[in-house]
Each structure stands twice: as C-alpha cells, then as structure tokens.
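# Structural overview for review
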Amino acid sequence: MKSISKKLSALVLMSTMLFSLAGCKDVSKLEEGESNESVSSSEEMKPEDGAELLFWTNDIEYGKDVASSFETKYGVKVNVEQIGLDGMGKIMLDGPAGKGADIFIAPHDAMNTGRTAGIFAELDESIVKDLEKELNPVAVKAAMYDGKMYGVPYSVETTALLYNKDLVKGEPVKEFEQIVKEAKEFNNSSENKFWFLTIANNGYNAYPFLGADGFQLFGNDGNDDDNPGFNTKAFENGLANVAALKEIIPMKSEDLKTNAETFIDENFINGKTAYYPSGPWAIKKMKDAGVNFGVTTLPTINGKSMKAFGGVQNAHVSAYSKYPKAAQLFAKFLASKEGAEILYSKASKVTSRADISDVKGLAEDKDLSVFVEQFKNAVPMPASKRISYYWTISDGLLSAVFDGALTPEDGAKKAQADFEALVQSE
C-alpha cells in the first residue's frame, strides 16, 4: 500500500547504518567459488540437491499456498514466515549469520538501499530474459539498476477511479472537466456531498494532477537525486491543477487531511461522493459494504493523461542464500501464471504479468483488472535516495497551494528552494 514506502525508510536507514558499521562487503558481487553462481538457461536451471528455502512475506496464507505449489512442481520445501516491513532490516542483520530468508519482499523504491547494502543477489541473465517477455515493462524497470535485475517484480498496485453507480448513470467520465461540471450541480458542503474527493494536499494522491503536464519527479527513471523537477513549468502547471481542485472540493486543507481516507471511504459508501481515486486495497471494503460501484481508468485533464504513482512489490533473492538457483526459481514462480492466480485468490492482489487473459479469477474480475490496465500508464515511485524530501516538501506546499496561500508559480519556487536547503543540510 502507498504508506509502506514511507514507513520502511526509517527501518532500513537504521539497519543500513548497523550494516555499514559491521564492515560487511557488498556480497551482491560474489567472488569466484562462492555460492551464487549463474547458469546458462532458466530452462536448464535446476534446484540444488537438498535445497530447502525460507520465504518471508506479510501475506502468510498466500505464502504457504504458493510455497506448496512450488514444492509440488520442483520438489523443494519452502518454509514460510510472516515478516512485514522490517524484512530488509532483518536480512541486513541476520543474513551474514546465515539466519535470514532466501527470498523476501520489499517495495521497489527500496532498490537503491538494498543494492548498495549488498543484500540483493543479481538475477541470472536467463531468468531476466524470461521475465522481460512475460511481465509488464513498467514493473520490470522498477527491478532494474544499471542494466541488471535485482528482484522479481511479482505484484503491482496503482490508483484508478472508483465511481458510485447509484449516482453515476451510464458510462463513467473520460475527461476531468466533466467531473468539474457535474460537481457544480451536485455539491452541497453543508450535507458533506461532494461529487469528487481526493486528498489534494497529499503528495501521493496529488501526483496524477502534478504529473499531468509532464512533471517527472527525480527524472525519467526516478533516480536523478539532484533534480526533483520542481523548477520546471510542468511542475508549476501541476500545482495549478491542484489549486483548481478547491473549486469542487471546497474544504480547508487541514479538514481534508484529518482522517481523510476514512472520511472519503465513508462518504463514498454512504452515497455522498460519486468519484474518488483509490487503489486495489479499497475494493474488498467496498464489496463488503455492499456498495454498487465500478472502477475505471483515470480521466484526462486538459486533454492530457493523468498518471498515478505505481508501486511494485519485488521478490528478492538474498545474497546470502545457500541455494541461489532454487531461490531464483521460486522468485520467478511468484510471477508465473500459477503464482499470479494464487496471488489473486489468496491475497486479492494484482500480478505484474503483462497479459492476464489466462490468469484465472483476475481475468474475470472487472474491478481489479482495471488496475492492470491503469498500471501500464503509471509512474513507478521514484527510488531516489532523496524521495523523503518530496514527502516533506509536498506536505506543506500542497496545502498552501490548495488553500490559495501560495500561487502555483510561488509554490514551485518555494519547493525548489526547500529542496536545495535540505540538500545543503546533509
């Protein structure tokens, strides 16, 4: 979920410091004779004799089911432990002692941290070639660094547009300008009725509006640490989109931020909001509440596509694994057709596979399948080491722009100045 990356940062930072103090080498660059050898083809790759793996995942039911299926296919036992956000930190501490997992999960924006610390094994070239044929290229890109792949991007998430079918008659909108027009006829602040709602002063939720005119946070690949893109006309235009939202979301920024997600969810459930952008994590809640809803891709704004942040969950092979071949095969299995079906049925999550037409369950799911389509137009959450600066700066900046305390032009200047000040304080 979108909050994972921000929560992970502090945990990983602490563990990285400890790792560095221990003086450990970068084990992703294994020396001759060490265990993480490459092979010529994934078709020829076979698990090591006597291999037994440990898989860390937060979705324990899913983990056990996919482990059982892998064991049936490859004859390799996979033990599963429920480990959440601290998986990377635990690997850094436990891996050198041989007590860590062989395969563990981390969000893609932790790539630089894990790669630098040397805890990610580089995937065999033949595995990479197979994954590039089968998976969404946006997801593949999120697991790559300098032409090398350090994890299997098996699950993705992004933001699409939920709409209440009891309010929206006929087809959902394709243009945001239509939402603005309908909001003026529907809105009633005294009754908390808002045709469209989003947390406009949150850096995650606001990104589709910020990026619509071409703003690229930390560059095209999301790792240009020195250039957040704030001093561009595209970012200024994005801020103008945020400022314009006040017309159809006539609330103070602080009121919008307080318990915002709960408020928006309840408003949608109670039929007081027709449209709101959210992720696949909201689907089960809406179904359980009995809401008559649908999901569609984000509309255009000013004739341009709205691109939401995309999140990728990577399955990493530990650089300390005693069974790197078996571990790579298991990581790859998570992104297979069979793995995708288990991911959907047990965890209600979306696979990274480019083609879901043969993924039983997901292919027929008219709601979650929309997120697969939307992800094709998503922007992977930047993996820049300075991504935390974006969250810090956007928090106050977007509120000021939304409330009209700052013009978009002044807001862009302030964002750049604040970024430079943070860099100077390093």
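Residues numbered from 1 in each chain as written. Predicted model: local features only at pLDDT ≥ 70, side-chain atom pairs only at ≥ 80, totals over all residues. Heavy atoms only, no water.

## With respect to the overall build of the protein
- Helix and strand content of the protein: 17 helices and 14 strands.
- Sorting the 426 residues of the protein into buried and exposed places 54% on the buried side.
- Across the protein, every contact between residues at least 6 apart in sequence was considered, and the portion connecting residues at least 24 apart equals 78%.
- If you sum the accessible surface of the protein, you get close to 18,700 Å²; carbon and sulfur atoms cover 46% of it. (Helix = DSSP H or I, 4+ residues; strand = E, 2+ residues; numbered from the N terminus. Buried < 20%, exposed > 50% of the residue type's maximum accessible area, 1.4 Å probe, protein only. Contact = heavy atoms within 4.5 Å. Areas by Shrake-Rupley, 256 points an atom, 1.4 Å probe, with all protein chains shown as cover.)

## Some words on the nonpolar core
- With 83 residues, the main nonpolar core has Phe196, Tyr275 and Tyr390 as its most contacted residues.
- Looking at this core element by element, the count peaks at nine residues for helix α16 (residues 387-403).
- By size, the runner-up hydrophobic cluster in this structure holds 53 residues, among which are Phe70, Ile83, Val128 and Leu329. (Core = buried A, V, L, I, M, F, W, Y, C linked by side-chain atoms within 4.5 Å.)

## Points about the sheet that holds strand β9 (residues 293-296)
- Ordered in space as β8-β7-β9, the three strands form an open sheet in which the pairing is antiparallel. Every other strand in the sheet has two partners, leaving β8 (275-278) and β9 as the edge strands with one partner each. Each strand of the sheet is rotated relative to its neighbour by a mean of 30°, with strand direction disregarded.
- As judged from the four bridges shared by strand β7 (residues 160-164) and β9, these two strands associate in the antiparallel manner. Each bridged residue has a counterpart across the sheet, and for Asn164 the counterpart in β9 is Phe293.
- Across the sheet, helix α15 (residues 368-375) is in contact with β7, β8 and β9; its angle to β7 comes to roughly 145°. (Pairing = 2+ DSSP bridges. Axes fitted to C-alpha atoms, helices over the stretch in contact; angles between N-to-C directions.)

## Notes on helix α17 (residues 408-424)
- Between its first and last C-alpha, α17 extends 24 Å over 17 residues, near the 24 Å set by a 1.5 Å rise per residue.
- Inspection of α17 places Gly411, Ala412, Ala415, Gln416 and Phe419 among the buried residues, and these make up the whole buried set. Seen end-on, α17 carries its buried residues on one side only, within an arc spanning 135°. Away from its buried face, by an angle of more than 90 degrees, α17 presents the exposed residues Lys413 and Gln424. (Expected span 1.5 Å × (residues − 1). Arc of directions from axis to C-beta.)

## Regarding the environment of Tyr344
- Structurally, Tyr344 is set in helix α14 (residues 337-347).
- In this structure, the C-alpha to C-alpha distance between Tyr344 and Asp365, residues 21 residues apart in sequence, is 9.8 Å.
- When near neighbours in sequence (up to four residues on either side) are disregarded, Tyr344 contacts Lys349, Lys360, Gly361, Leu362, Asp365 and Leu368.

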